[in-house]
Amino acid sequence: MVLNGKKALITGAGRGIGKTITDKFLAQGAEIWGLDLREPDDLKERLAAAGGKLHWLCADLGNLGEVDKVMEAAIKESGGFDIFVNNAGITKDNLAFRMSQEEWQKVIDINLSAAFFAARTVARDMTRKKAGSIINMASVVGVHGNGGQANYSASKAGLIGVTKSLALEVASRGVRVNALAPGYIESDMTAAISDAARQFMLEKVPLKRAGKQEDVAEAALFFASDASSYITGQVLPVDGGMFT
Ligand code: NAD
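In short, a report on the structure. Nothing here was measured: the structure is a model prediction, and the numbers come from that model. Each chain carries its own residue numbering, running from 1 in the written order of its sequence. Note on the predicted model: pLDDT of at least 70 is required for a residue's local features to be given, and 80 or more for side-chain atom pairs to be given and counted; whole-chain, interface and lining totals, by contrast, use all residues. Side-chain measures here rest on the full set of heavy atoms in the structure, leaving out hydrogens and waters.

Let us look at the pattern of salt bridges. The term salt bridge refers to a pairing of a side-chain nitrogen on Lys or Arg with a carboxyl oxygen on Asp or Glu at a separation within 4 Å. One pass over the structure, following the stated rule, counts 8 salt bridges. Asp188 is the salt-bridge partner of Arg15, the closest N and O atoms lying 3.6 Å from each other. Note that Arg15 is positioned in the loop between β1 (7-11) and α1 (16-27) and Asp188 in helix α7 (residues 188-191), a separation of 173 residues in sequence. Among the ionic pairs, Lys24 bridges to Glu214, the shortest N-O distance being 2.8 Å. On the criterion of sequence distance, the pair formed by Lys24 in helix α1 and Glu214 in helix α9 (residues 213-224) is long-range, its members being 190 residues apart. Members of the salt-bridge network, linked through shared partners, are Lys24, Glu214 and Glu218. Strands here are runs of E lasting at least two residues and helices are runs of H or I lasting at least four, both read from the DSSP assignment and numbered beginning at the N terminus.

Right, dumping it as C-alpha cells:
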C-alpha cells in the first residue's frame, strides 16, 4: 500500500488508462478524486467498491476559462492533493493538408492548454505544502511525430515542454513534475485505428505486443510514489521498446 494516506486527482478517470490508474491507486491505499466529462455508467458500483475513497467530479476541461475554477474547487473539497495525474486527452486525426482549424484547436485546447492550466493550479497548491507529484500523460508521438496526428503530436510535444519547464520552477519547493509517453496502448481511443494501421504499429514494437493500460498504470504508480522521489522533469516511454 505505497499510497496510503495520499490524495490523488485523476482527470479522464471515467474510462481507459485514467480508469485503470484510478483502480491501481485505490488498491494502493490512495483517496481519489476522479474527474471526467460525465459520470460513467458504472459509477455507483465503483463508488461502492472504493468504500468511500472515490469521489467524482464532472467538468469539461475544454472550457478553458473554467479550468482554474474547477481545479481550485477540487483542491478546496479535498484539502489539497499529493498526486495529480493529468490524463484527460482526445484525438481528432487527419492528414495535415486536410486538417480543419477546429480539429487543430480542439486538440490543442484540451491536451495542452487545459493540461497546463490544471497542472499549474495544482502545482501552486502543492508548493504550499512543499510536496507533490504531477504526472502528465504525453505520448511517444509527442517525441517522434506521427502522420495524420500533427495536432495531437504538437499537443503532446507541448505537454512535454510544460513538464520540463514546470518541473524546474517548482523543484525547489518539493514538487516533482514528470511525464509518461505511452506507445500503442489498447483502449477505446486506439480501438478506432484500422487493422492495417494496428498491424503496422505492432511490427514496430520489439516486445511484440500492444501495451496494456496496466503497463501505463504501473509507470504512473512509480512516479506517484516515493520510489521516484529523486526524479523530476523526465519523460518515461511506456512503448514496448518502439523507439529504442
Ligand atoms: P480514452 O479516450 O479511453 O479516455 C480519455 C478520457 O478523457 C475519457 O474518459 C474522456 O471522457 C476524458 N476526456 C476527454 N476530454 C475531456 C474533457 N474535455 N474534459 C474532461 N475529460 C475529458 O483515452 P485513453 O486511451 O485512456 O488515453 C488517456 C490518455 O493517454 C490521453 O491523454 C491520451 O492522449 C494518452 N495516450 C493514450 C495512448 C493510447 O494508445 N491509448 C497512447 C499515448 C498516450
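Here Asn136 is to be found in strand β5 (residues 132-137). Buried, partly exposed and exposed residues are distinguished by accessible area as a fraction of the type maximum, computed with a 1.4 Å probe on protein chains only: under 20%, between the cut-offs, and over 50%, respectively. The class for Asn136 is buried, based on a relative accessible area of 0%. Reaching out from Asn136, the side chain makes a polar contact with the side chain of Thr163 at a distance of 3.0 Å. For this analysis, residues touch if any pair of their heavy atoms sits within 4.5 Å. Apart from residues lying up to four places away in sequence, Asn136 is in contact with Asn86, Ala119, Leu159, Thr163, Val177, Asn178, Ala179 and Leu180. Here a polar contact is taken to be a pair of N or O atoms separated by no more than 3.5 Å, where protein atoms must pair a possible hydrogen donor with a possible acceptor and residues adjacent in sequence count only if both atoms sit in side chains.

Of the two site types, the cavity is a set of points on a 1 Å grid over the protein atoms alone where a 1.4 Å probe fits but cannot get out, and the pocket is an open set with protein on both sides within 12 Å along at least five of seven lines, each lined by residues with an atom within 4 Å of a point. Grid points are joined across faces, edges and corners, and a volume is the space filled by probe spheres set on the points. Tallied over the entire structure, the rule returns 1 cavity of 30 Å³ or more. Volume-wise, the largest cavity comes out at about 30 Å³. For the lining of the largest cavity, the leading source of residues is helix α4 (residues 101-129), giving 3 residues. Three classes are used: nonpolar for Ala, Val, Leu, Ile, Met, Phe, Trp, Tyr, Cys and Pro, charged for Asp, Glu, Lys and Arg, and polar for all others, with Gly counted as polar. Partitioned by chemical class, the residues of the lining of the largest cavity number 5 nonpolar, 2 polar and no charged.

This part is about the packing of aromatic side chains. For Phe, Tyr and Trp, where Trp contributes only its six-membered ring, two rings pair if their centres lie within 6.5 Å, and the inter-plane angle classes them as stacked under 30 degrees, edge-to-face over 60, or tilted in between. For the structure on display, the rule yields 3 aromatic pairs. Between Trp33 and Phe81, the aromatic rings sit 5.7 Å apart at their centres with planes inclined by 75 degrees, giving edge-to-face as the arrangement. Highlighted residues: Trp33 in strand β2 (residues 31-36) and Phe81 in the loop between α3 (67-78) and β4 (83-86), separated in sequence by 48 residues. In this structure, Trp33 and Phe81 share a single accessibility class: buried.

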